[in-house]
Amino acid sequence: MLFSTRRSDYLKFDPYSFAPTYKMADREEETRKRCSSAPTNGLQSTPEKKPCLTNRDENKKREDYLEWSEYFMAIAFLSAQRSKDPNSQVGACIVNQENKIVGIGYNGMPNGCNDDFLPWRRVAENKLDTKYPYVCHAELNAILNKNSADVKNCTIYVALFPCNECAKLIIQSGIREVIFVSDKYHDIPEMVASRKLLDMAGVKYRQFQPKSKQIVIDFAAIDGKPPNPLKSIASP
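Residues numbered from 1 in each chain as written. Predicted model: local features only at pLDDT ≥ 70, side-chain atom pairs only at ≥ 80, totals over all residues. Heavy atoms only, no water.

With an unreviewed UniProt entry as reference, the chain is termed dCMP deaminase, source organism Lingula anatina. Quoted straight from UniProt, the Sequence similarities (unreviewed entry) entry for the chain says "Belongs to the cytidine and deoxycytidylate deaminase family." The heading Cofactor (unreviewed entry) in the UniProt record of the chain holds the text "Zn(2+)". (UniProt positions renumbered as here; feature names shortened; annotations may be inferred.)

Undergrad: Would you take a moment to explain the pattern of salt bridges for this structure?
TA: Close approach of charged atoms allows side chains of opposite charge to pair. Under the defined criterion, the tally for this structure stands at seven salt bridges. Two residues, aspartate 115 and lysine 84, come together in a salt bridge whose shortest N-O distance is 3.2 Å. Pair noted here: aspartate 115 is in the loop between strand 2 (101–106) and helix 3 (138–144) and lysine 84 is in the loop between helix 2 (68–80) and strand 1 (91–95), with a separation of 31 residues, a long-range link. Lysine 84 sits in the buried class, given a relative accessible area of 18%. Across the salt bridge formed by glutamate 165 and lysine 168, the nearest N and O atoms sit 3.1 Å from each other. Of this pair, glutamate 165 and lysine 168 both sit in helix 4 (residues 164–173), separated by three residues, roughly a single helical turn. (Salt bridge = Lys/Arg side-chain N within 4 Å of Asp/Glu carboxyl O. Helix = DSSP H or I, 4+ residues; strand = E, 2+ residues; numbered from the N terminus. Buried < 20%, exposed > 50% of the residue type's maximum accessible area, 1.4 Å probe, protein only.)

Undergrad: Would you mind showing me how to read the confidence of the model for the chain here?
TA: Atomic detail in the predicted coordinates should be set aside for any region of low pLDDT. Per-residue confidence for the chain gives a mean pLDDT of 82, with 72% of residues at or over 70. Predicted confidence for residues 12–28 stays below pLDDT 50, and this span has 56 contacts to residues more than four positions away or in other chains. Residue range residues 34–51 is modelled with pLDDT below 50. Its contacts to residues more than four positions away, or to other chains, number 14 contacts. (pLDDT = per-residue confidence, 0-100. Contact = heavy atoms within 4.5 Å.)

Structure (structure tokens):
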């Protein structure tokens, strides 16, 4: 039986053979705008200079660091790059009330099941020839990968709004809030059922509103080198 091919550009563990650039916040552009010239006030012959982050006092903390929510969602998106699914790469990050990460996961086939011999396609005449009866969702893996006794009262950050099956797991595990990026399957029955279950169980959910669209991870930055745009992949 021929199966659709898994993606082969998933994130490897060797940073020297594969150096991805993930994009969700272009702060450099914001910095350039802040450092640009201001209009003259009629009393000066040269434009008034604006404060620039590149000239900041080195004795003061930097102010353009990631907020907690951006950090956790970025972790979810980063973990998604480990997924071998050629169609959808989804990651999840579970955080406790102390802002500590207690679980991370991404969508993929079960442990011990050779993903070269399982289907990855989304549509087929026989449902058994699609990925859906076999694949484990990111939320499931994040919950099972927990490094704490439980995930009660935790928050889960996930790229896609959870399906009804993941909603059951979220409720049963005691997670109290879901923060998601995309709700593109909002009207399909599984998502309608998911919202109904979450509402009945009192689990809060809200869409993530990023302050910036891109976050750049550049392995060369630690040495003060500019990013290499040729070695990059896009976020799912």
